[in-house]
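Close look at the chain arrangement
Read off the chains here:
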Amino acid sequence: MPSTLAHAKINLSLEILGKRHDGYHDLVSVMQEVSLADRMEIEVAEDLQLRCDIECGPIASNLVMRAAHALRTEAGGPGTHITLHKRIPVGAGLGGGSSDAAAAMITLNRLWGLEYPCPVLTERAAAVGSDVPFFLTGGTALVEGRGEVVTALPSHGVSWYALTNPGFSVSTAAIFARLPSASWTDGTATRQLASDIRAGAAPSLAVNALQGALFDAYPAALRCFQHADGLAPGHTVVSGSGPTIVSQFDTEEEATTAALALRKVGYWSCVVRNCPTEERNLPCRALSSL
Ligand code: C5P
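Residues numbered from 1 in each chain as written. Predicted model: local features only at pLDDT ≥ 70, side-chain atom pairs only at ≥ 80, totals over all residues. Heavy atoms only, no water.

Observations concerning the overall build of the protein chain
Regarding its fold elements, the protein chain presents nine helices and 10 strands. At 18 Å, the protein chain has a C-alpha radius of gyration in line with the 19 Å of a compact globule built from 290 residues. Seen through its C-alpha atoms, the protein chain measures out along the principal axes to roughly 55 × 40 × 40 Å. For the protein chain, the proportion of its 290 residues judged to be buried stands at 51%. (Helix = DSSP H or I, 4+ residues; strand = E, 2+ residues; numbered from the N terminus. Rg over C-alpha atoms; globule rule 2.2 N^0.38 Å. Buried < 20%, exposed > 50% of the residue type's maximum accessible area, 1.4 Å probe, protein only.)

Here you go:
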């Protein structure tokens, strides 16, 4: 049975430019695919079925099912049975559900004989969720619009991160709803990071405009951040709408030491490395645009 990995992402930087007429926000972000991954088994079948090895909520509203539905009608109504082995924490700012949806789209695009090119897949992916298009490209990328404008960036070397969270889920919509317009910026810090990376700099962590709204709503997320930042001062930032906190380290050993210390305090924590843009052959990875 075909098996595929669906990797998590972190936001090295995330700025919100303003609110749009459709209710979404325009953003600019540098996203990084990392080694933590869900595993999925996907086979062609008569009907659509999704099984998950943890409690994944209502199956019908699962992003993987929505991704399959988004391609199914045009493929002439074939089915698929998907088994999802979750490793990425749910509702944690790591894009797990979006990555699962993108992995399903990439695989079904082939298994169902659709062979859609990148622009078509991207359009279908954006209709499933704002973060889904990034996962068709993966690696390191500059992400704009509401998430659907993805430009691949080169990856330089290996980066090590400790990911830490306080063990609860957060609704992205709820964090965006609490975001004051005072948190809107013009994207300069994030675009600077992208151009530094293009010029050959190793990726670093910059800003996250959603961080304040997360901490206001969840003081426990702020306490978690303070613990993590204490072990990597100035190299710690929230990923997406949180509550996962990213701390960057020079070596795997340093990241592991920090992750173990954070687990001792009672947090969920793991060590990941970056997945370089150049390493995986994803459908929208345009190496010429690097
Ligand atoms: O696109 P997705 O369903 O993942 O977004 C979840 C929610 O996050 C949206 O309903 C919206 O409230 C908010 N959002 C936003 N602007 C974005 C992405 C998400 O306001 N660019």
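Some words on the sheet that holds strand β9 (residues 245-249)
Spatial ordering of the open sheet is given by β8-β9-β7-β10, a layout of four strands whose pairing is antiparallel. One side of each edge strand has no neighbouring strand; the edge strands of this open sheet are β8 (236-238) and β10 (268-273). If you compare each strand with its neighbour and ignore which way they point, the axes differ by 25° on average. Bridge count for β8 against β9 is three bridges, and the pairing is antiparallel. Residue Val-237 lies in a different strand from β9, and its bridge partner there is Val-246. Its contacts with the sheet place helix α8 (residues 219-231) against β7 (160-165), β8 and β9, and it is angled at close to 5° to β9. The strands touched by helix α9 (residues 252-265) are β7, β9 and β10; relative to β10, the strand with the most contacts, the crossing angle is about 170°. (Pairing = 2+ DSSP bridges. Axes fitted to C-alpha atoms, helices over the stretch in contact; angles between N-to-C directions. Contact = heavy atoms within 4.5 Å.)

Quick notes on α8
The terminal C-alpha atoms of α8, which comprises 13 residues, lie 19 Å apart, in line with the 18 Å expected from a rise of 1.5 Å per residue. Turning to α8, its buried residues are Ala-221, Cys-224, Phe-225 and Ala-228. The buried residues of α8 occupy an angular sector of 100° when projected down its axis, which confines them to one face. On the buried face of α8, the contacting elements are β7, α7 (211-217), β8, β9 and α9. (Expected span 1.5 Å × (residues − 1). Arc of directions from axis to C-beta.)

Side note on the packing of helix α2 (residues 96-111) against helix α3 (residues 118-128)
With their axes 11 Å apart at the nearest point, α2 and α3 run at an angle of 145° to one another. At the point where α2 passes α3, the crossing takes the right-handed sense. When α2 is examined against α3, the residues Ala-101, Met-105 and Asn-109 are found in contact with a partner set consisting of Leu-121, Arg-124, Ala-125 and Val-128. Of the residues belonging to the contact of α2 with α3, the class tally is five nonpolar, one polar and one charged. (Left-handed = near helix turned anticlockwise from the far one by under 90°. Nonpolar A, V, L, I, M, F, W, Y, C, P; charged D, E, K, R; others polar.)

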